[in-house]
Amino acid sequence: MKDNFFVKSHGLGNEYLVLDSDAITFELSAQAIRRLCNTNYGLGTDGILLKTNSTKADVGLLIFNPDGSEAEKSGNGIRIFCKYVFDYKIIQTPEFTVETKGGIVHANILETHQGKAKVIRIDIGKAIFQSKLIPTLYDTEEVQDVKARIHGKEFEINCVSVGNPHCVILKETLDAAEIKEFGTYIEHFHMFPNRINTQFVKIINRERAEILIWERGAGFTLASGTSSCAVASVLKKKGLIDSKVTVQMIGGELTVEVDDDFNIRLTGEVRQICEGILNPELLEDIHLPIPK
Ligand SMILES: N[C@H](CCC[C@H](N)C(=O)O)C(=O)O
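In this text the structure is predicted, and so the values were computed from the model without any measurement. (Residues numbered from 1 in each chain as written. Predicted model: local features only at pLDDT ≥ 70, side-chain atom pairs only at ≥ 80, totals over all residues. Heavy atoms only, no water.)

## Quick look at a nonpolar patch on the surface
Rule in force here: Two joining distances apply to patches: 9 Å for like charges and 5 Å for nonpolar side chains (Val, Leu, Ile, Met, Phe, Trp, Tyr), and every residue must have over 30% relative accessible area and no salt bridge. Only the protein chains shown count as covering a residue, and every accessible area follows the Shrake-Rupley method with a 1.4 Å probe. One side-chain nitrogen of Lys or Arg within 4 Å of one carboxyl oxygen of Asp or Glu is enough to make a salt bridge. A helix here means a DSSP run of H or I that spans at least four residues, while a strand means a run of E at least two residues long, and both kinds are numbered starting from the N terminus. Classification of residues uses two cut-offs on accessible area relative to the type maximum, computed with a 1.4 Å probe and protein chains only: under 20% is buried, over 50% is exposed, and between them is partly exposed.
On the surface, a cluster of nonpolar side chains totalling about 190 Å² of accessible area is made up of L170, I203 and L240. With respect to the helices, strands and loops of the structure, L170 is situated in strand β11 (residues 165-170). A relative accessible area of 32% means that L170 is categorised as partly exposed.

## Topic: the domain arrangement of the protein chain
Frequently, the measure chosen for interface size is the accessible area that the parts lose on association. What counts is decided by this rule: Start and end positions for the domains come from either an automated domain assignment or a database one. What gets called buried area is simply the loss in accessible area from a 1.4 Å probe that two parts show on being joined, summed for both. In the analysis that follows, any N or O atom pair within 3.5 Å is treated as a polar contact, provided that within protein one partner can donate a hydrogen and the other can accept it, and provided that, for residues neighboring in sequence, both atoms belong to side chains. Charged residues are taken to be Asp, Glu, Lys and Arg, nonpolar residues to be Ala, Val, Leu, Ile, Met, Phe, Trp, Tyr, Cys and Pro, and polar residues to be all remaining types, Gly included.
Assigned domains of the protein chain: these are domain 1 (5-122 + 271-284) and domain 2 (131-261). In this structure, domain 1 and domain 2 have C-alpha centres spaced 24 Å apart. Across the interface of domain 1 and domain 2, roughly 1,200 Å² is buried in total on both sides, 46% from carbon and sulfur atoms. Sorting the residues of domain 1 by area buried against domain 2 places L12, E72 and K73 first, and these three jointly supply 42% of that buried surface. Applying the counting criterion to the domain 1 and domain 2 interface returns two salt bridges. When the shortest N-O distance is used, the salt bridge between R216 and E72 registers 2.6 Å. On inspection of domain 1 and its partner domain 2, the count reaches seven residue pairs in polar contact (both at pLDDT 80 or more). Those elements giving two or more residues to the side of domain 1 that touches domain 2 turn out to be β5 (70-71) and α2 (75-87). The dominant element in the side of domain 1 that touches domain 2, judged by the number of residues it contributes, is α2, at three residues. When its residues are assigned to classes, the side of domain 1 that touches domain 2 shows three nonpolar, eight polar and six charged.

## Some words on the packing of aromatic side chains
In plain terms, the rule: Note on aromatic contacts: the rings of Phe and Tyr and the six-membered ring of Trp form a pair at centre separations within 6.5 Å, being stacked when their planes are under 30 degrees apart, edge-to-face when over 60 apart, and tilted otherwise. Comment: the charge-over-ring label is applied if NZ (Lys) or CZ (Arg) is within 6 Å of the ring centre and within 35 degrees of the ring normal.
Going through the model one piece at a time under the given rule, you end up with seven aromatic pairs. Pairing F189 with F192 gives two aromatic rings, centres 5.7 Å apart and planes at 65°, and the pair type is edge-to-face. A residue is classified by how much of its surface remains accessible, and F192, at 3% relative accessible area, is buried. Aromatic ring contacts, followed pair by pair, group F5, F81, Y84 and Y88 into a single cluster. The ring centre of F200 lies 4.9 Å from the NZ or CZ of K171, which sits over that ring. The cationic tip of K180 hangs over the ring face of F220; the distance from NZ or CZ to the ring centre is 4.4 Å.

## Some words on the pattern of salt bridges
Side chains carrying opposite charge are able to pair once their charged atoms draw close together. Inspection of the entire model under this criterion finds 19 salt bridges. The salt bridge partner of K8 is E15, with a shortest N-O separation of 3.0 Å. Classification of E15 as partly exposed rests on a relative accessible area of 22%. Note that E156 is salt-bridged to K147, the shortest N-O span being 2.8 Å. For K147, a relative accessible area of 52% corresponds to the exposed category.

Structural data, given as structure tokens:
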């Protein structure tokens, strides 16, 4: 791999930059991540996927948000990464494992087009509802149907971890302006020590739900794989869906399967946008803070 080679791809409009730890010539500091992800001074993405070596899986992956924070899991990010390692022949088989901060993920390249991965399925792990493990600061065993007053407005919250933390809020109607106004306050609510990803959910029927997303460390995004998994797990726990649900987002649809033990399987398309080499001029000032 050439020095500072990158690939930019998206899963339903949730875009990521893929880098290889063996090929970058700079420190991937929080400031470097913020600059790379910035639309004006960098490549403009919802996060960075860094390929690393692993002793526990076929390949390792570190996931970073545009604010420089690290995420334990990313459903779109992991699928984009699986496409990258398959398409660039880093992995030669359609089934393999990926080590993430949030656990080992089993990947399956379900569909290819002209030898390139198109539809990817991942066994992304198990939903965890214990409030301390999400984590939250609530004393109750779980955080389900809890009323919380956040920035002057009352929300009924359902919290779950799918490797990363999520706050699922059921709604009769979805309003993007509402989640754009309150998303950051929910993200930073004092009961969530590691912050949290938030979803507003409208249930269509037992096989379909529509969601809006405010991501921890990224803000409003067009799609989110772990958000889809979190929503499916909460709806399954409430008996509002069966084991398979289509999650409809602005950027497109994902299929989530949740078994009776809350093991989660996520399936959906990924697309490559471009590949290239980071320009030395970008790298010269990569350590500088982003001008406001
Ligand atoms: N911002 C998230 C990680 C990315 C989630 C989303 N892009 C996905 O596809 O799951 C977090 O800090 O937990």
